[in-house]
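Notes for the structure review
Each chain, written out:
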Amino acid sequence: MRVLREILTRATHLVGVLLFVSAVTFSLTNLLPGTMAEAMLGEQASKEDLARLERQMGLDRPLPERFGKWLLSAAQGDLGRSFATSERIGPAIAHRLPVSVELVILSQLMALALAVPLGVLAGYREGKAVDRLLSSGAFATLALPHFVSGIILIYIFAIQLRWLPATGFQPLSEGLAQNLRSMLLPSLTLALVEAPAYLRIIRSDLATTLREDFVMVARAKGLPNWRILLTHALRPSSLGLVTVMGINVGHLIGGAIVIETLFALPGLGSMLMESISRRDYVAVQGVVLVVSVGFVAVNVVVDLLYVVLDPRTRHHARR
Amino acid sequence: MLAVDETRAAHSAVALEHEGTFRLPRVRLKHVGLASAIAWVVFIAGAAILAPLLPLKAPSAMDFVAAEQGPSLQHLFGADVDGRDILSRVIFGARTSLTVALIGPLFGLVLGSIFGILTAYYAGVFRAVVLGLMDGILAFPGFVLALALTTFLGASVVNVAIALGILSVPAFARVARANALPLVGREFVLAAKTAGAGDFYILTREILPNMGAQLLTYALTVMSVMIVIEGGLSFLGVGVPPPIPSWGNMIADGREALERAPHIAAIPAFALFLTVLSVNVIGDHLRRRVEVREGAL
């Protein structure tokens, strides 16, 4: 009964959040100064032309009616047509989404590949020179925004060494190797920004776990250090990491927008920026809605994942 | 994005807990770091405030002969693609960052504290509505909301600051509420109530002063995040509109000439990095002090 009520409360909350997100996104183009018709016709347009276009687009209808209509078609996947290209927004988003998803997944894999071994090393050698070096390195790297580390990587790997292309996306249809080559620098940039936070949480969680009694018992049994680290200490030390990765998703999305623009990747982020510069507000609205709803969905999944990973939260929910 | 920073801050606090035994050899190095961080922030803020009085070239004046040239006596830090003086633009760009980093957190601090304290003190419909609204703002990926707000409010330094301020309200409210909740039931608040003090008096004279340090420390954390987001927005060309220099749009300009003249991007990038790092160092230090004091209570 309690579980059911918990699920119901969460579902109501989720519906409320989704409604709020849609309402804000809708308001962006409908409440703020400069109506859509003005944006389409330019500032010099005559009053009559503006009024005619507004009627055509249904912009003269009352706000709640327009919101209802918009929400209904958005729920059916119809996000309208772009002003600039008269392309349907929904399919355009679906076409670009995989690039962004690939970027995010690759970058997270790289960030983990960097942060887990280094974080374990730092946590294991807590307070020693290696730890101090890694911890201060991570602290300094936290001050490097995406667009700065991206430019540094482009300068080193694309301009000086000429190992990798700075721009020029290769789709998967061109072959996996080509595709990965073009995704390497963008993913590495995103990974470099996220890795320090991961490293720091692994380091501190591991250092705490290593002080636990069960680790001392394992040591007393004469187990080799690597086994204590890998089989006893790492798993209880990884819950913090999952939490941070979950909270980090929003940060990741912001980073992806900057990086897609910097490296000219045809993902959702660059679509958003192109639409903004073309003043293509319907497209902006569509992308913001899709990204935000996706963000809410990912957060729900992360919450559930946490319950699966940590038996203690499950127990708590059942009680 | 701000929520991330909150956790990042929390983790650094966790990480610092275990430092005790290794303090001795590090103390002096740490103080040198803190002192340099404060010195840099004071220097860059001073330069930004005094910029119009300093003997600098106009930040938008174009000297086409010098375009893309490296440091010289004419242009100490070289000139950018349009031949504008980079030294002058870095300092005027600091004005942009400083404006955003002051107005944004102030906006969030004031509104967030009000919401946070009120929701800690009053229950009922008001609390449900405010907390729901805060959850709603947090449901957006921060950068996307900042992008959308500046796009639709129109690009200007103040609008960027306001957009970032709105964005930070839920985070401030959370910090304020978390700090106010344990105070509401404390003896001195009950004593004031018994003595017949009104709600306003209790909120502003009893509760607020006891959480000021935490809120201000948090504001410092938010500052460095905002400098980065403003840089990102301007880098993308939707933050501060072009003739006004911002470190973000300077780096974007430099991106075009990265192969021929890397200094155009490198100099503002370095200024941005040093400033964010310094604010982080100071924030980290203050946070540790506030936490130690809390621990002593």
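Thresholds, definitions, all that
Residues numbered from 1 in each chain as written. Chains lettered and ligands numbered in written order. Predicted model: local features only at pLDDT ≥ 70, side-chain atom pairs only at ≥ 80, totals over all residues. Helix = DSSP H or I, 4+ residues; strand = E, 2+ residues; numbered from the N terminus. Buried ≥ 20, exposed ≤ 12 C-beta atoms within 10 Å, placed from the backbone. Contact = placed C-beta atoms within 7 Å. Nonpolar A, V, L, I, M, F, W, Y, C, P; charged D, E, K, R; others polar. Core = buried A, V, L, I, M, F, W, Y, C linked by C-beta atoms within 7 Å. Axes fitted to C-alpha atoms, helices over the stretch in contact; angles between N-to-C directions. Left-handed = near helix turned anticlockwise from the far one by under 90°.

This part is about the environment of E230 of chain B. All names here are of chain B. Within the secondary structure layout, E230 lies in helix 9 (residues 212–235). E230 gets classed as buried once you count the C-beta atoms within 10 Å, which come to 29. Residues E230 and L109, 121 residues apart in the sequence, show an inter-C-alpha distance of 18 Å. Among all residues touching E230, those that are not within four sequence positions of it are S97, V100, V160, L164, G239, S246 and G248.

Attention shifts here to the interface of chain A and chain B. Between chain A and chain B, the residue contacts involve 44 residues of the former and 43 residues of the latter. At the level of secondary structure, the elements contributing two or more residues to the side of chain A that touches chain B comprise helix 1 (2–30), helix 7 (146–160), helix 8 (176–209), helix 11 (239–247), helix 12 (249–262), helix 13 (268–277) and helix 14 (281–309) of chain A. Here the side of chain A that touches chain B is composed, by residue class, of 31 nonpolar, 10 polar and three charged.

On to the nonpolar core. In this structure, Y198 and V287 of chain A together with A146 and I251 of chain B are the most contacted members of the largest nonpolar core, which totals 146 residues. With 15 residues, helix 8 of chain A is the single largest residue contributor to this core.

The subject of this paragraph is the packing of helix 3 (residues 86–121) of chain B against helix 6 (residues 157–184) of chain B. Residue and element names in this part refer to chain B. Running from amino to carboxyl end, helix 3 crosses helix 6 at an angle of 35°, the nearest separation of the two axes being 5 Å. At the point where helix 3 passes helix 6, the crossing takes the right-handed sense. For the contact of helix 3 with helix 6, a count of residues per class yields 25 nonpolar, 10 polar and two charged.

We now examine unusual backbone geometry. Residue and element names in this part refer to chain A. Even without being a glycine, R162 presents a positive backbone phi close to 55°. Within the element layout of this structure, R162 appears in the loop between helix 7 and helix 8. Unusually for a residue other than glycine, A264 sits at a positive phi of about 55°. Relative to the assigned elements, A264 resides in the loop between helix 12 and helix 13.

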